Amino acid sequence: MTLVVPLRSVGRGDLALAGGKGANLGELIAGGFPVPAGFVVTTAAYDLVAAGQATRAHFERVAVPGPLRRAILAAYRELGGGPVAVRSSATAEDLPGAAFAGQQDTFLNVVGEDELIDAVRRCWGSLWSERAVAYRDRLGIDPADVRIAVVVQRMVAAEAAGVLFTADPVTGDRGRLVADAGTGLGEAVVSGLVTPDHYVLTPQGEVVSYTPGRREVVVRALAGGGVSHERGDGAPAGRLPGAALRELARLGTEAARHFGRPQDIEWTYAGGEVSLVQARPMTALPPPPIGRLGPLRRKLATVLMEYVPVRPYPMDMSTWVPHGPAGLMAKITSYFGLRRAFEGFLEEEDGVVYRLVPPRPRPSPKLLLAPLLIAARARRYDPARWTEDPRFRRYLDHVRELEAVDLGALPWPELVRMPRRVLAAVQPVADLRVDYLPGSGVAMLRLLAALKLLGRADLFGDLIAGARTRTGDANRALEELAEEARRTGALDRDPPPESFQEELRRFLAEYGHREGVSPLLVSQPTWADAPETVLGLVKVLAAAPPRSAPGAGALDRLLAHPRLRGRRRDRMVGKVRAAQAGMAFREDSHFSFTLPLPVLRRSLVELGRRLRDAGVLDTPEDVFHLRLEELEEIGDAAALGGEPGRRLRAAATARAARREELAGVRLIDPRAVFPARDTGDALVAGTPASSGTVTGPVTVVRGPSEFGRLAAGDVLVCPYTNPSWTPLFQRAAAVVVDTGGLASHAAIVAREYGIPAVMGTGDGTSLLADGRQVTVDGDAGVVTEAG
């Protein structure tokens, strides 16, 4: 049993023995970095003393066994005795996303043998402090999986100390280092006791910017042990020497390269020398800036930000993202000669989606043939008759077969194959879209050209909005539900009347596959999975009478044009009907494409249920932290109780921790997609997307679970929209959206309903608070204070 080891003898492969901090420091020593000498009291020593008693009180009163005490003191004497720093080093510190910063205790300037033993014992006990236990609970880390080592290092009498980030923690820029420095020991900076001197550096150590601190407190080592907290004079401490800054930048850059990722480093400066006393991966680091976007990449970014409003899970990335709507669009654009338009736009790190990078589409020689391919398909495939295509009929039959499968009765080998069966079933829809979309686009272009010749292009949106679509059918069915709720008082009764419940069941049977958050993600509940979303919409619709149907009267206004008589009139009606059929195809093929989504989600959750029952996962929904191929490697459910099950649990735990870390980090900086503009006295500004001016109170709706918060006449402020948000537009006075542009779903629907819309504000949901009276100017694209 190894109880104490020199710090220089451990490395990244010794996490279980030395903990995260100890392993990283040993790795730095092996790499030639300046690290104060020391030793590690290993996790084996902790186990020996813990003896199954995992409480802080136990470690406060337990006696350290003689052999262990002698080993610690022998290492202390070999170090030369004198003042040392004693730091906790938990084994869970190596988890992606689990920095454990400040969760266990550190004791500086410990002097004397008894004092050292006491400090080690208190480090052990700090593993079970309330804050450490709560931190691990939040990350879902099993207490049985956590142990602790203790690092003891020669104390550095620092003239200055602080923290170095090897990437900018605010912007994510990997080409900048950020150092915070304070006089005396680093505890003042690390604990937030002082406003530190703040340096932004280049990798060469050149100062990009410097902000002096205020030196409110100075922490210094006392001669007999311990530290003092002295009141500072509030004056700047004076800049670090240029040589020290250059050395800091050099060491930080090399450490990041050595570990393969940006580092959070604690450092000291004394006698003209820089030393590193801790290094760990930076957490909650934003993605690197994506740089200047050209028009096409910016357009793609606005689309993708709406389609990916939340961070996808690993299961999304291995199922519906590559095979769902994004995969379908990739297949379509590739067919017509544009490659990589919808591929590779989500980057992963530590098994978790880290950032969204607008794709760089690449034309292929086939793009030269695209006009011929489009024209040929437009002539051959009529969007008005796409539902008669035998491929569509076969697709519907296949979906019904999948829906009829009793997932709970399937043995593991058949159940684990079910997701692939669903993904294979949707592929024919891509072929249908390739064949029928050209006719849709050509029909709409012909109508638009004809309207421009008549000087009535303003009617285009209203005319195509008159198309009968499955989205429109769903909205009408919701209105019927709302009418039933008004008639029976269903929303105020618990349980609701049976007549309302029956109407709701029929609605969900027909439309329950609709996505709530994103059509790209299987991890997010559909309407059937979260009927409370539908009830929220019903609540909004039941509170006030509906608006006029989109596009009402537009055709009559067009046909009143004096140049439309006889055959010209008939031809124009034909063009309108063809364009409406094209619009309906676009909407309805998406509606049909997502029909198997509930089956896919239910099969994955059933797999998660069995993993939970086997003790691999804590909840069935934790399955979304895994990848489909990882489950497919498990050929027999019996294997879940062995090493395969332990690997799955470890992967799910690590990815959940990493996801938690990134909870406040955006996939892409909206300022890169929606550049700042001069807003004058406006509260927020964006792209003018639907004309008109209206005043009303703000209601921020961040997702489907908040649909019921909107009242008639409110200004709807939201981060994104998709077709499931459409019913809200029937009651909102105006809409303001963080993402999107002129062609976004919200913009199109707002124009159909005649309400002002401002798209792509970037930060409207952050700057506009509930109840604030604002004026939305959809012509100027600004939101101002009312009055």
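Scroll up for the structure.
Okay, so let's go over this structure.

Scoring rules and cut-offs
- Residues numbered from 1 in each chain as written.
- Predicted model: local features only at pLDDT ≥ 70, side-chain atom pairs only at ≥ 80, totals over all residues.
- Heavy atoms only, no water.
- Core = buried A, V, L, I, M, F, W, Y, C linked by side-chain atoms within 4.5 Å.
- Buried < 20%, exposed > 50% of the residue type's maximum accessible area, 1.4 Å probe, protein only.
- Contact = heavy atoms within 4.5 Å.
- Pairing = 2+ DSSP bridges.
- Helix = DSSP H or I, 4+ residues; strand = E, 2+ residues; numbered from the N terminus.
- Axes fitted to C-alpha atoms, helices over the stretch in contact; angles between N-to-C directions.
- Parallel < 35°, antiparallel > 145°, perpendicular 65-115°, else oblique.
- Salt bridge = Lys/Arg side-chain N within 4 Å of Asp/Glu carboxyl O.
- Polar contact = N/O pair within 3.5 Å; in protein donor to acceptor, adjacent residues only side chain to side chain.

1. Digging into the nonpolar core
Core analysis: the largest hydrophobic core is formed by 53 residues, its most contacted members being Leu-611, Leu-626 and Leu-631. For Leu-631, the residues in contact, after removing those within four places along its chain, are Met-315, Trp-412, Val-416, Leu-607, Leu-611, Val-623, Leu-626 and Leu-648. Leu-481, Val-538, Val-737 and Ile-755 belong to the second-largest nonpolar core, a separate cluster that totals 42 residues.

2. Looking at the sheet that holds strand β1 (residues 4-6)
The strand order across the open sheet built from 5 strands is β1-β2-β5-β3-β4, with neighbouring strands paired in antiparallel fashion. Each of the sheet's edge strands pairs with one partner strand only, and the pair in question is β1 and β4 (106-110). Sheet twist, expressed as the mean angle between neighbouring strand axes with direction ignored, is 20°. Sitting on the sheet, helix α1 (residues 15-30) is in contact with β2 (38-41), β3 (84-90) and β5 (148-154), with an inclination near 125° to β3.

3. Thoughts on the packing of helix α13 (residues 370-380) against helix α16 (residues 427-454)
Interhelical geometry of α13 versus α16 gives an angle of 90° and a closest axis separation of 7 Å. Overall, the two elements α13 and α16 adopt an arrangement that is roughly perpendicular. Listed contacts from α16 to Ile-374, Arg-377 and Ala-378 of α13 are Val-434, Asp-435, Pro-438, Gly-439 and Val-442.

4. Overview of the pattern of salt bridges
Scanning all chains against the criterion turns up 53 salt bridges. A salt bridge links Arg-391 to Asp-389, with the shortest nitrogen-to-oxygen separation between them at 2.9 Å. On the basis of relative accessible area, Asp-389 is assigned to the buried category, the value being 8%. Two residues, Arg-646 and Glu-643, come together in a salt bridge whose shortest N-O distance is 3.2 Å. Linking Arg-646 with Glu-643, this pair stays in helix α25 (residues 643-661), spanning 3 residues, or about one helical turn. When its relative accessible area of 40% is taken as the criterion, Glu-643 is described as partly exposed. Bridged by salt links that share partners, the residues Arg-261, Glu-349, Asp-350, Arg-658 and Glu-661 form one connected network.

5. As for the side chain of Ser-603
Within the secondary structure, Ser-603 is located in helix α23 (residues 597-613). Of the polar contacts made by the side chain of Ser-603, one reaches the backbone oxygen of Leu-600; its length is 2.7 Å. For Ser-603, the residues in contact, after removing those within four places along its chain, are Leu-407, Leu-415, Met-418 and Pro-419.

6. Comments concerning the pairing of strand β10 (residues 217-221)
As defined by bridge partners, β10 adjoins strand β11 (residues 227-231) across 5 bridges and the pair is classed as antiparallel. What sits directly across from Ala-221, in β11, is Val-227. Hairpin connection, β10 to β11: the antiparallel pair is bridged by 5 residues, and Gly-225 has positive phi, about 115°.

7. Examining the sheet that holds strand β18 (residues 684-685)
Taken in spatial order, the 8 strands make up an open sheet running β18-β25-β24-β20-β21-β22-β23-β19, and their pairing is mixed. For this open sheet the edge positions go to β18 and β19 (687-690), each flanked by a neighbour on one side alone. Helix α27 (residues 745-753) contacts β19, β22 (734-737) and β23 (757-759) of the sheet and is inclined by roughly 45° relative to β19.

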